[in-house]
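Listed here are the chains, written in short residue letters.
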Amino acid sequence: MEKERSIKGFRLFILIALIVSLVINVMVISKITSMEEDIRFLTDNQSMISNNVNSQSDVIRQELEHFIEEQSWISPIRMETNEKQLANGSTDVTFSWQLQEFHQDAKVMFHYKYGEANEFTEISANEEDTGMFQVQIPFEMDLKPEWRVSISESNVSSHSSSQVEVSGQTTESVKKEPENQINYFVSVFHDGVIKQSEQQSEHIDYLGANKYGSLHTDVHFNEDGVRLHVYYHNLANQENIVEEVNLLKYQNDTLMEEEQLTLQDEEMRDRPFDLEPFEQYDNMRLVLEVAYTDGTVFDKQVYPNEVE
């Protein structure tokens, strides 16, 4: 009898303990859920505050830039080109700017140098409107296509005595021609005081790409020899396109052979030219010659890569 009471008491204890444990678990889960909601709320608030701060920073930065521009005595100098004139190899380039503080008796000069010139040329600026100035300068340009060269190798045997050293990494390069760079600034002379704007520079090589497109040459060395591909990209949908591509093979300065590349697909806008693999040789120098439908011819040494 006493034993049965002990068992009942133990069972009751277990039941009460389970109920208490269940209540505690429910309370803990409820608190965890509440904490998760609080954390989510704090995270959302933090994200919202961060977005507000970023937005305010952008506004402040824009206002500051606007304030600095307003306080500056001269606006940025804008440059515009007349690409319709490029067929003649020259174009009028227009520079315009605004003076915030301008006196009618001030002397406003525009200074520029083009290409590899050492000295700046200065000309008097024309006032188009109150404080608004402009100059128009004709430039003779040596326009060329943009030409990118890529050189790579894979599994080249080292047993042949006529192997050519090539970097194992692909090299791509486009050289900005110094003769197509314009440097310029503005000076204002008034009451014995001279002000000069910051010197600006612009590369106008893109005008050549607009007229003659872009060329990508891929020179690849492998066990079969040398493979060469040329891809012509007609950037501005011009009628004057690459019609013929020839490879001139030199040994040092001696011309060994000339081969014409084959146009793979005449219907493609980006015209691919290809050449059968050929053997490497000592002191190899490869020069590509491209001819356009208007008779213009450009050439470039593609191996060794002559771009700095």
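Criteria and cut-off values
- Residues numbered from 1 in each chain as written.
- Predicted model: local features only at pLDDT ≥ 70, side-chain atom pairs only at ≥ 80, totals over all residues.
- Heavy atoms only, no water.
- pLDDT = per-residue confidence, 0-100.
- Contact = heavy atoms within 4.5 Å.
- Buried < 20%, exposed > 50% of the residue type's maximum accessible area, 1.4 Å probe, protein only.
- Helix = DSSP H or I, 4+ residues; strand = E, 2+ residues; numbered from the N terminus.
- Polar contact = N/O pair within 3.5 Å; in protein donor to acceptor, adjacent residues only side chain to side chain.
- Pairing = 2+ DSSP bridges.
- Axes fitted to C-alpha atoms, helices over the stretch in contact; angles between N-to-C directions.
- Salt bridge = Lys/Arg side-chain N within 4 Å of Asp/Glu carboxyl O.
- Core = buried A, V, L, I, M, F, W, Y, C linked by side-chain atoms within 4.5 Å.
- Phe/Tyr/Trp six-rings, centres within 6.5 Å; stacked < 30°, edge-to-face > 60°.
- Lys NZ or Arg CZ within 6 Å of the ring centre and 35° of its normal.

S.K.: I keep staring at the confidence of the model for the protein and nothing clicks. Help me out?
M.R.: Here the protein averages 82 in pLDDT, while 84% of its residues score no lower than 70. For the stretch residues 158–173, pLDDT sits under 50, and the model shows 37 contacts to residues farther than four places along the chain or on other chains.

S.K.: Before we go on, may I ask you to explain helix α2 (residues 205–212) in this structure?
M.R.: One full turn of an α-helix is made of 3.6 residues, so residues set three or four places apart face in the same direction. Among the residues making up α2, those that are buried are Leu207, Gly208, Ala209, Lys211 and Tyr212. In this structure, the buried side of α2 is in contact with β1 (78–81), β7 (146–153), β12 (214–222), β13 (225–233), β18 (284–292) and β19 (297–303).

S.K.: Would you mind going over the environment of Phe273 with me for this structure?
M.R.: Relative to the assigned elements, Phe273 resides in strand β17 (residues 271–278). Between the alpha carbons of Phe273 and Thr262 there is a distance of 5.3 Å; along the sequence they are 11 residues apart.

S.K.: Even after reading the chapter, I still don't get the side chain of His220, so can you show me in this structure?
M.R.: Looking at the element boundaries, His220 is found in strand β12. A distance of 2.8 Å separates the side chain of His220 from the side chain of Ser152, its partner in a polar contact. A polar atom in the side chain of His220 sits 3.0 Å from the side chain of Ser154. With near-sequence residues (within four places) excluded, His220 lies in contact with Ser152, Glu153, Ser154, Gly225, Val226 and Arg227.

S.K.: Explain the sheet that holds strand β5 (residues 126–129) here, please?
M.R.: Working definition: the strands of a sheet are paired by backbone hydrogen bonds and lie parallel or antiparallel to each other. Pairing is antiparallel in the open sheet, where 4 strands are placed in the order β1-β2-β6-β5. Pairing within the sheet leaves two strands with one partner each, and these edge strands are β1 and β5. The average angle at which neighbouring strand axes cross in this sheet is 30°, direction not considered.

S.K.: Is there a simple way to explain the pattern of salt bridges in this structure?
M.R.: Think of it this way: side chains of opposite charge can pair up when their charged atoms draw near. Enumeration over the complete set of coordinates arrives at 4 salt bridges. The shortest N-O distance in the salt bridge between Arg227 and Asp274 comes to 3.7 Å. Remark: Asp274 occurs in strand β17 and Arg227 occurs in strand β13; sequence separation between them is 47 residues. Judged by relative accessible area, which is 18%, Asp274 ranks as buried.

S.K.: Where do I start with the nonpolar core in this structure?
M.R.: Across soluble globular proteins, nonpolar side chains show a tendency to be buried alongside one another. With 54 residues, the main nonpolar core has Phe95, Trp97 and Phe110 as its most contacted residues. At 5 residues, the largest contribution of residues to this core is made by β18.

S.K.: How do you make sense of the packing of aromatic side chains when you look at a structure like this?
M.R.: Two numbers describe a pair of aromatic rings. These are the distance of the centres and the angle of the planes. Enumeration over the complete set of coordinates arrives at 14 aromatic pairs. Seen from their ring centres, Phe110 and Tyr112 are 6.2 Å apart, and the 25° between their planes marks the pair as stacked. One exposure class covers both Phe110 and Tyr112, and it is buried. Among the aromatic side chains, those forming a connected cluster through ring pairs are Phe95, Trp97, Phe110, Tyr112, Tyr114, Phe133, Phe139 and Tyr184. Above the plane of the ring of Phe278 lies Lys249, whose end atom (NZ or CZ) is 4.0 Å from the centre.

S.K.: Whenever I open this one, the sheet that holds β19 confuses me. Can you help?
M.R.: An order of β15-β14-β18-β19 is seen for the 4 strands of this open sheet, with the pairing classed as antiparallel. The open sheet has two edge strands with one neighbour each: β15 (254–260) and β19. Taking each pair of neighbouring strands and ignoring which way they run, the sheet shows an average axis angle of 25°. Summarising the sheet, β18 and β19 pair through 6 bridges and their orientation is antiparallel. Within β19, the position partnered with Glu289 by the bridge is Asp299.

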